[in-house]
Amino acid sequence: MSTTTTTPGLYDNRTAFADELIQLARTDDRIVAVCNDSVGSSNLVAFRDEFPDRLINVGIAEQNMVGVGAGLASAGYIPFVCAAGPFLTGRSLEQVKADVAYSQHPVILCGMSPGMAYGELGPTHHSVEDFSWLRALPGLDIVVPADRLQTRQAVQQAVASPRPMYIRVGRHKVPDVSPAGSVLERGHFQTLREGTDVTLIGTGTLVSRAVEAAELLAADGLSVRVLNAAYIAPLDVASIVAAAEETGAIITAEEGNVAGGLGAAVASVVSQLGRDARVPVRILGLTEFAPTGSTDFLLDHFGLTPAHLAAAARDARTNG
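Being a predicted model, the structure only gives us computed values, none of them experimental.

(A) Highlighting the sheet that holds strand β5 (residues 141-143). Read across the sheet, 7 strands follow the order β2-β1-β3-β4-β6-β5-β10 without closing on themselves; strand pairing throughout is mixed. In this open sheet, the two strands that pair with only one neighbour each are β2 (55-57) and β10 (231-233). On average, each strand axis in the sheet is tilted by 20 degrees relative to the strand beside it, whichever way the strands run. Where β5 meets β10, 2 bridges bridge the pair, whose relative direction is antiparallel. Each residue of the ladder has a partner; that of Ile142, found in β10, is Ala233.

Next comes the structure, spelled out in structure tokens:
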């Protein structure tokens, strides 16, 4: 079993989220937090202590929580609505659709501990359907920061230009991958490595693993492009088209269900290209409910490791 969660140099993005939220709230009274009895798991303890009148805990009532967030947004506040990813998206999907996306209320939905970060708590606590559900809602940004810098920048963007937004705030510890001085751009993938033989597109926790896979493939003499899909909506169609036209295959990797997620979005774009521009696509992610085990065990179980990404790339190039 992997031991990545205890390796030095790995970070919980919830810490960066909370630190940035507090820093911005000190100079902007519009910022409020709304949660569902999840002050601790949403890492809002310090925010509550410093701004007791600006944290609204609605209890275990996720539909009401999103509705309260929409009401606050309509009154000119900037609400960060925080809850565990599966409950924020699953229990209150209708409210996200009607009160946030359709009504275009600038609510920042923060899916905490997404993917399989809850490990042994099982599929009821895994947020692996959120991409599929939320991509179907027009007008809702979906942001998946890969590390601390992108997490901070996502919070900054949400305050500077409030809009309906879903931020996947990771709990499973990951390394920093963003180049120094890089900027999170709305609707754009971030290029972490240039290449011409194959493209690896990762999102969230899978970005650092895509970088590691590229190093394995480089040892085989392959030129590997690595893209960080920090924005899944709006989708960076131009980068997908360029990858198809300029490299021989595309591999996607996500800590989520492959039905309707990042890989499905990429495959949809590639399938509509001209015959000469179409390339093999391999989609790595979940296809079934997860067994019981730690997050690292589950990522290994579903083939979301650098070695599996590298193997998928070799297979796509060899077998098409």
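(B) How the structure looks around the packing of helix α9 (residues 237-246) against helix α10 (residues 262-271). Running from amino to carboxyl end, α9 crosses α10 at an angle of 65 degrees, the nearest separation of the two axes being 10 Å. In this structure, α9 crosses over α10, and the sense of that crossing is right-handed. Of the residues in α10, those in contact with Val237, Ile240, Val241 and Ala244 of α9 are Val266, Val269 and Val270.

(C) Layout of the environment of Ala277. Relative to the helices and strands, Ala277 resides in the loop between α10 and β12 (281-286). Distance from Ala277 to Glu246, taken between C-alpha atoms, is 8.6 Å for residues 31 residues apart in sequence. Apart from the residues within four sequence positions on either side, Ala277 is in contact with Ala244 and Glu245.

(D) Spotlight on the confidence of the model for the protein chain. Averaged over all residues, the pLDDT of the protein chain equals 95, while 98% of them reach at least 70. Of the regions scoring below 50 in pLDDT, residues 1-6 engages in 12 contacts with residues more than four places distant in sequence or in other chains.

(E) Summary view of the domain arrangement of the protein chain. The assigned domain composition of the protein chain is domain 1 (13-169) and domain 2 (190-319). Across the contact, 26 residues belong to domain 1 and 29 residues belong to domain 2. When the buried area of domain 1 at its contact with domain 2 is split by residue, Met116, Phe131 and Arg135 rank highest and sum to 29% of it. Run the count over domain 1 and domain 2 and you get 13 residue pairs in polar contact (both at pLDDT 80 or more). When residues of the side of domain 1 that touches domain 2 are traced back to their parent elements, those giving at least two are α6 (130-135), β5, α7 (148-160) and β6 (165-169). Across the side of domain 1 that touches domain 2, the residue classes tally to 14 nonpolar, 7 polar and 5 charged.

(F) Region of interest: the packing of aromatic side chains. Inspection of the entire model under this criterion finds 2 aromatic pairs. When the centroid spacing of 6.3 Å and the interplanar angle of 65 degrees are considered together, the rings of Phe17 and Phe80 count as edge-to-face. Taken together, the residues span a long stretch of sequence, with Phe17 in helix α1 (residues 13-25) and Phe80 in strand β3 (residues 78-84) at a distance of 63 residues. Phe80 carries the same exposure label as Phe17, and that label is buried. Ring geometry for Phe47 versus Phe51: centroids 5.1 Å apart, planes at 50 degrees, classification tilted. Classification of Phe47 by relative accessible area gives buried; the value is 2%. Across the ring face of Phe51, the terminal group of Arg54 is positioned such that the distance to the ring centre comes to 4.5 Å. Positioned above the aromatic ring of Phe87 is the side chain of Arg91, whose terminal nitrogen or guanidinium carbon lies 4.4 Å from the ring centre.

The rules we used
- Residues numbered from 1 in each chain as written.
- Predicted model: local features only at pLDDT ≥ 70, side-chain atom pairs only at ≥ 80, totals over all residues.
- Heavy atoms only, no water.
- Pairing = 2+ DSSP bridges.
- Helix = DSSP H or I, 4+ residues; strand = E, 2+ residues; numbered from the N terminus.
- Axes fitted to C-alpha atoms, helices over the stretch in contact; angles between N-to-C directions.
- Left-handed = near helix turned anticlockwise from the far one by under 90°.
- Contact = heavy atoms within 4.5 Å.
- pLDDT = per-residue confidence, 0-100.
- Domains from an automatic or database assignment.
- Buried area = accessible area lost by both parts, 1.4 Å probe.
- Polar contact = N/O pair within 3.5 Å; in protein donor to acceptor, adjacent residues only side chain to side chain.
- Nonpolar A, V, L, I, M, F, W, Y, C, P; charged D, E, K, R; others polar.
- Phe/Tyr/Trp six-rings, centres within 6.5 Å; stacked < 30°, edge-to-face > 60°.
- Buried < 20%, exposed > 50% of the residue type's maximum accessible area, 1.4 Å probe, protein only.
- Lys NZ or Arg CZ within 6 Å of the ring centre and 35° of its normal.

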